[in-house]
Amino acid sequence: MLDIAIVEDCADAVQNLKKHIERLQNEKGLACQYTLFENGLFFIENYKPVYDVVFMDIDMPLMNGMEAARRLRKVDPYVPLVFITDLKQYALKGYEVEAMDFLVKPVGYTSFATMMGRVCRRSIKKEEKITLSTAQGTFNVNVSDVYYIEMQNHYVTYHHVNGQVSFFGSLSEEEKRLPADRFVRCNSGLLVNLAHVKKVQDGEVYVADTSLPLSRNKKTAFLQSLLAFMSTRR
């Protein structure tokens, strides 16, 4: 089941998207549900991080879509965001808020279906899990929820959204189990999930609320991997 947020004040545009969603479900057998928000302010005030994709108009009352997108990124940096508008001049600004794409009204079904295909592939990746075996038991952790993995005194510690999991092991072995395009070493003892990197500055990698040291011999490779990863999110 894909959860879709539609932030749009134009009734015709909303009906167009509903029609595309129904056709997609009939043709692809893809289960979808949507929530409609009539303006950006109402969307932000009632936002919950449960959506697989947000379709956002730009020209709306109370709060336009670009401002709503900026506020969205403060509370959810990762949800796929797609602008739908006839204001073509805003296309470049969409990258400032890491928009996945920009669809011009009236949105055609082919463009919509192609976009939803990208959303589906991303959603599948989001649900990847990794099993961690410890002395206290076995834990299943979403790969997308892992911030970084730390190696210290022969113990591996997974730092993730719900806390930490530690066990006796090898960072090299964990590295083999994780997607190489998303998990990269910033030094010999730290493996970072690039999806959670907020910035790199002054020899530090900022992940969630933590800063991690970036070693000189890993810096070039790390930055190249980060740029490559960011380009795939467009």
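Located above this text is the structure these notes cover.
Residues numbered from 1 in each chain as written. Predicted model: local features only at pLDDT ≥ 70, side-chain atom pairs only at ≥ 80, totals over all residues. Heavy atoms only, no water.

K.L.:
Could you give an account of the overall build of the protein chain, with specific residues and numbers?
P.N.:
Each helix and strand in the protein chain was counted, giving six helices and 15 strands. Along the first, second and third principal axes, the C-alpha set of the protein chain runs to 60 × 40 × 30 Å. By sequence separation, contacts in the protein chain at least 24 residues apart represent 53% of the contacts at least 6 residues apart. In the form shown here, the protein chain has an accessible surface area of approximately 12800 Å², with 49% of it arising from carbon and sulfur atoms. The protein chain carries 29 positive and 28 negative side-chain charges, and their two centres are separated by 5 Å. (Helix = DSSP H or I, 4+ residues; strand = E, 2+ residues; numbered from the N terminus. Contact = heavy atoms within 4.5 Å. Areas by Shrake-Rupley, 256 points an atom, 1.4 Å probe, with all protein chains shown as cover. Lys, Arg positive; Asp, Glu negative; His and termini not counted. Charge placed at Lys NZ, Arg CZ, Asp CG, Glu CD.)

K.L.:
An account of the sheet that holds strand β1 (residues 2-7) is requested, with residue identities and associated values reported.
P.N.:
The sheet built from five strands is open, its strands ordered β2-β1-β3-β4-β5 with parallel pairing. Strands with a single pairing partner mark the edges of an open sheet, and in this sheet they are β2 (32-37) and β5 (101-104). Looking at each pair of strands side by side, their axes are set apart by 20 degrees on average, direction ignored. With four bridges connecting them, strand β4 (residues 81-85) and β5 associate as parallel partners. (Pairing = 2+ DSSP bridges. Axes fitted to C-alpha atoms, helices over the stretch in contact; angles between N-to-C directions.)

K.L.:
So what's going on with the side chain of Arg185? Residues and values would help.
P.N.:
For Arg185, the position within the fold is in strand β11 (residues 183-187). Looking at Arg185, the relative accessible area reads 15%, which means it is buried. A polar atom in the side chain of Arg185 sits 3.2 Å from the side chain of Ser172. Engagement of the side chain of Arg185 in a polar contact is seen with the backbone oxygen of Ser188, the distance being 2.7 Å. Setting aside its immediate chain neighbours within four residues, Arg185 contacts Leu171, Ser172, Glu175, Leu190, Leu191, Lys218 and Phe222. (Buried < 20%, exposed > 50% of the residue type's maximum accessible area, 1.4 Å probe, protein only. Polar contact = N/O pair within 3.5 Å; in protein donor to acceptor, adjacent residues only side chain to side chain.)

K.L.:
Describe helix α3 (residues 65-75), listing the residues and the values that go with them.
P.N.:
Working note: α-helix, 3.6 residues per turn, so residues spaced by three or four point in the same direction. Within α3, burial applies to Gly65, Met66, Ala68, Ala69, Leu72 and Arg73. Taken around the axis of α3, the buried residues stretch over an arc of 155 degrees, which confines them to a single face. Exposed positions of α3 whose direction lies more than 90 degrees from the buried face are Lys74 and Val75. Buried residues in α3 make contact with α2 (40-45), β3 (53-56) and β4. The distance from a side-chain oxygen at the start of α3 to the backbone nitrogen of Met66 is 3.1 Å, and the residue carrying that oxygen is Asn64. (Arc of directions from axis to C-beta.)

K.L.:
Quick one: what's the story with unusual backbone geometry, residue by residue and with numbers?
P.N.:
A cis geometry characterises the amide bond from Lys105 onward to Pro106, with omega recorded as -10 degrees. Among the structural elements, Pro106 can be located in the loop between β5 and α4 (109-126). Of note in this structure, Leu62 is not a glycine but carries a positive phi near 70 degrees. Mapped onto the elements of the fold, Leu62 is located in the loop between β3 and α3.

K.L.:
For helix α6 (residues 216-231), give the residues involved together with the corresponding values.
P.N.:
Over its 16 residues, α6 runs 24 Å from end to end, which matches the ideal 22 Å to within 8%, given 1.5 Å per residue. Of all the residues in α6, the buried ones are Phe222, Leu226 and Phe229. On its buried face, α6 is in contact with β11, β12 (190-193), β13 (197-201) and β14 (204-207). (Expected span 1.5 Å × (residues − 1).)

K.L.:
So what's going on with the pairing of β11? Residues and values would help.
P.N.:
Of all five residues in β11, five are buried; the element is thus mostly enclosed. Looking at chain direction, β11 and β12 are connected through four bridges and run antiparallel. Looking at the pairing, Phe183 lines up with Asn193 of β12. Counting the residues in the hairpin turn of β11 and β12 gives two residues.

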